[in-house]
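Below are the chains, spelled out letter by letter.
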Amino acid sequence: MRLEDCKLLASVAELGVEHLPGISLSEYTSLGIGGTTDLLLIREHESILGMLQLLDNEKIPHKFLGGGSNLLVGDGELPWIVLQLARPEPDVLLEGNFAHVDAAADLGRTVTYCAKHDLGGMEGLIGVPGTVGGALRMNAGAYGMQIGSYVREVKLYRAAARRIEILEGDQIFFEYRHTSFAPDDMMLAVTLELPSKSYQEIIQGIRICNEKRRASQPLGQKSAGCIFKNPPGASAGRMIDELGLKGLSVGDARVSDRHANFFVNAGKASARDMLSLIADVRDRVERAYGVKLENEVVVWNA
Ligand code: EPU
């Protein structure tokens, strides 16, 4: 979707929001898949309110983009525009055991920055691509930990109330790869309370997680991490592997040879290819195990 009205664009500029016309979301997603639209880059949290008011007045549909690392976007000209937060400098402020982090901060860099200041707990998240806001919304986790355990406060745009709110950690419900945030809420910033640990101890934990990840996941290939959530008490990756589906392809969308719950873009895969591979694998697992796998990847399909 294109923002072409000059008056509208002048108001966007007045809000200090940057307009990037005709970008391909394939360049903004770790899968390297996605069609074309306009992107609005928000530099000040507060300008979101004015921006959304403008979009509402003009009835322009929109979506909020984080780091694009757990996202499958449809092909072609997209019927909505995309809003993204610009990363401020600095994006992390430390105060004792509290880390105040902007939602646009890179997750891995946040984990290592905190480590350098003897704050640990998030070692498992090293190697998970994306922003802190994205990790928060999905309650990202790995190796026995999840980010939700450390959340003390969240600043967000609440779509239902149309205002910016601060929620205390205990007002938010975190469960496996799920949170009580509404789909159209936008994460703005979070305060994490992290346990004190020595840098050496944290780095040791980070090394172990890195090695495990390197040994079992297709790092360096275009993917969105795990495609399906694990069903209770089972591993989606193991089930898909047991059915001999590693290497199964639709066009350039392919079940990874290394980890069967990672589907990679081995070249020029389209969203259509990837969605058809997802549907095929889901059907086969359901027929074999009687379990309908739920998407972990977020799908924005037109
Ligand atoms: N396995 C196979 N074949 C495969 C993949 C896995 O047999 O192709 C087996 C493994 O050998 C192991 C079991 O399945 O015995 C579980 O595998 P793994 O330890 O890789 O964990 P997972 O359940 O597949 C989850 C998260 C990952 C996270 C890892 C490590 C989900 C959907 N996935 O994977 O998160 O990195 O644990 O903690 O919860 C993500 O969220 O995108 C993600 C990659």
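Every value quoted in this text rests on a predicted model; they were computed, and no experiment measured them.

Conventions and cut-offs
- Residues numbered from 1 in each chain as written.
- Predicted model: local features only at pLDDT ≥ 70, side-chain atom pairs only at ≥ 80, totals over all residues.
- Heavy atoms only, no water.
- Buried < 20%, exposed > 50% of the residue type's maximum accessible area, 1.4 Å probe, protein only.
- Helix = DSSP H or I, 4+ residues; strand = E, 2+ residues; numbered from the N terminus.
- Arc of directions from axis to C-beta.
- Contact = heavy atoms within 4.5 Å.
- Pairing = 2+ DSSP bridges.
- Axes fitted to C-alpha atoms, helices over the stretch in contact; angles between N-to-C directions.

What follows concerns helix 2 (residues 47-57). Residues S47, I48, M51, L52, L54 and L55 constitute the buried set of helix 2. Axial view of helix 2: buried residues confined to an arc of 155°, hence all on one face. If you follow the buried residues of helix 2, they end up packed against helix 1 (6-14), strand 2 (36-42), strand 3 (62-65), strand 5 (81-85), strand 10 (151-158) and strand 14 (186-193). After helix 2 finishes, the residue K59 shows a positive phi value of roughly 55°.

Here the focus is the sheet that holds strand 3. Reading across the sheet, the four strands line up as 1-2-5-3 and stay open at both edges, with mixed pairing between neighbours. Single-partner strands in this sheet number two, and they are strand 1 (18-24) and strand 3. If you compare each strand with its neighbour and ignore which way they point, the axes differ by 30° on average. Of the pairings in the sheet, the one linking strand 2 to strand 5 comprises four bridges and is parallel in character. Each residue of the ladder has a partner; that of L40, found in strand 5, is L83.

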